[in-house]
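Residue strings, one per chain:
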Amino acid sequence: MSKQQRAKLVVGNWKMHGRLAANAALLQAVAQGADELPADVRVGVCVPSLYLAQTQALLDGSRVVWGVQDVSAFTHGAYTGEVAAPMVSDFGATFAIVGHSERRAYHRESAELVAVKTQRALDAGLTPIVCVGETLEEREAGATEQVVGTQLDEVLAKLSADEATRLVVAYEPVWAIGTGKSATSEQAQAVHAFLRARLAAKGAADVPLLYGGSVKPDNAEELFRQADIDGGLIGGASLKDQDFLAICKAAAATSVAG
Ligand code: PEP
């Protein structure tokens, strides 16, 4: 499938932000704004799992789909504090982010654990958004492709070709997350092309590839115009309805129908 045929996808990652009242206002504004987007722009929000029921109630019937930011590597059992993928599915969710760099760094999640979580999400009928990305030291050492390639390969090795086609992959350079310092569109495109080739070798060339890392209304369109960038995973800017919707509109400007 050519770039022209791939839909755009913009997903918000709220991280550990939100309260009931603020969520309601944000979700309602996003649902309303999404109504005006062309059909080939998909919009999602990944909320703290505690707010799944609220999100489902407010977004059901809208253009916006929802998900969580992590799932357990287990389906059930004595794992205090964990949330299992089938529980997430119970609330009509579409997405589960796995392998976000904050979980890899602060929760010591290994590439192997991320691969297991990906499988659990798929088994529960969720679409995993598999995050990969290098640190600044790794980039400066010229190891970007080796790092993101290994992170992706660990996941792909555990999946069938059919399962691989059901992924979303997000390239999120660690040095660009929450820093206000986005990768340039050339830097991002180069890594996306590399990841696309890796996915193509597994028969999954058309997997949506999202860029994440300080995407803002003023840099989104340039990033989304790149051949292998199919949209964005948006952190900080997804907490402000105007900014998030402006980023969705940037995706629309680069979509076929937009
Ligand atoms: C993220 O954490 O997934 C992210 C992309 O964050 P930000 O947009 O704030 O850099």
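Here the structure is a predicted model, which is why all the values come from computation and not from measurement.

Scanning the protein from terminus to terminus reveals 11 helices and 8 strands. The principal-axis extents of the C-alpha atoms in the protein amount to approximately 45 × 45 × 35 Å. Counting across all 258 residues of the protein, residues that qualify as buried make up 53%. Across the protein, the fraction of contacts at a sequence separation of at least 24, relative to all contacts at a separation of at least 6, is 73%. If you average the places of the 23 positive and of the 30 negative side-chain charges in the protein, the two averages end up 1 Å apart.

The alternating pattern of strand 8 (residues 231-234) places G231 and L233 and G232 and I234 on opposite faces, both of which are buried. For the crossover that starts at strand 7 (residues 209-212), traverses helix 10 (residues 217-224) and ends in the parallel strand 8, the hand is right-handed.

The next thing to look at is the UniProt feature "binding site: substrate" (unreviewed entry) in the protein. Mapped onto the present numbering, the UniProt feature "binding site: substrate" (unreviewed entry) falls at N13, W14, K15, G178, S214, G235 and G236. Judged by maximum C-alpha separation, these annotated positions cover 224 residues in sequence but sit close together in space, the widest gap being only 13.9 Å. From this annotated list, the subset lining the largest pocket comprises N13 and K15. Checked against the element boundaries, N13 lands in strand 1 (residues 8-13). Those residues within four positions of N13 in sequence are excluded, and the remaining contacts are C46, Q69, I97, H100, L233, I234, G235 and S238.

Moving on, we come to the layout of surface pockets. Estimates place the volume of the largest pocket at around 620 Å³. Lining the largest pocket are 23 residues; nearest its centre among them are K15, M16, Q69, D70 and R103. Top element by residues in the lining of the largest pocket is helix 4 (residues 101-106). It accounts for 3 residues. For the lining of the largest pocket, the residue count by class is 8 nonpolar, 9 polar and 6 charged. The wall of the second largest pocket is formed by 18 residues, among which S101, R104, G133, T135 and V174 lie closest to the centre. Broken down by secondary-structure element, the contributors of at least two residues to the lining of the second largest pocket are helix 4, strand 5 (127-132) and helix 7 (144-157).

Taking 1.5 Å of rise per residue, 14 residues should cover 20 Å, and helix 11 (residues 241-254) covers 20 Å from first to last C-alpha, within 8% of that figure. Along helix 11, the positions that sit buried rather than exposed are F244, L245, I247, C248, A250, A251, A252 and T254. Elements that come into contact with the buried residues of helix 11 comprise strand 1, helix 1 (20-34), strand 2 (41-46), helix 10 and strand 8.

This paragraph deals with the UniProt feature "active site" (unreviewed entry) in the protein. What UniProt calls "active site" (unreviewed entry) maps, in this numbering, to H100 and E172. Despite a sequence span of 73 residues, these residues sit close together in the fold, their greatest C-alpha distance being 8.3 Å. Checked against the lining of the largest pocket, the annotated residues reduce to H100. Inspection of the secondary structure puts H100 in the loop between strand 4 (95-98) and helix 4. Residue class for H100 comes out buried when judged on its relative accessible area of 4%.

Attention now goes to the site of the ligand. Around the ligand there are 14 residues in total, and K15, H100, E172, G178 and S214 lie nearest to it. Across the complex, the protein chains shield 96% of the 290 Å² of accessible surface that the ligand would expose by itself.

Attention now goes to helix 2 (residues 52-59). Three or more residues of helix 2 are buried, namely L52, Q54, T55 and L59. Angularly, the buried residues of helix 2 cover 160° about the axis, an arc narrow enough to put them on a single face. On its buried face, helix 2 is in contact with helix 1, strand 2, strand 3 (64-68) and helix 3 (85-90). Following helix 2 by one or two positions, G61 has its phi on the positive side, about 90°.

Scoring rules and cut-offs
Residues numbered from 1 in each chain as written. Predicted model: local features only at pLDDT ≥ 70, side-chain atom pairs only at ≥ 80, totals over all residues. Heavy atoms only, no water. Helix = DSSP H or I, 4+ residues; strand = E, 2+ residues; numbered from the N terminus. Buried < 20%, exposed > 50% of the residue type's maximum accessible area, 1.4 Å probe, protein only. Contact = heavy atoms within 4.5 Å. Lys, Arg positive; Asp, Glu negative; His and termini not counted. Charge placed at Lys NZ, Arg CZ, Asp CG, Glu CD. Right-handed = clockwise from strand over helix to strand, strands pointing away. UniProt positions renumbered as here; feature names shortened; annotations may be inferred. 1 Å grid on protein atoms, 1.4 Å probe; cavity = no way out; pocket = protein on both sides within 12 Å on 5 of 7 lines; lining within 4 Å. Points joined across faces, edges and corners; volume = space filled by probe spheres on them. Nonpolar A, V, L, I, M, F, W, Y, C, P; charged D, E, K, R; others polar. Expected span 1.5 Å × (residues − 1). Near = heavy atom within 4 Å. Areas by Shrake-Rupley, 256 points an atom, 1.4 Å probe, with all protein chains shown as cover. Arc of directions from axis to C-beta.

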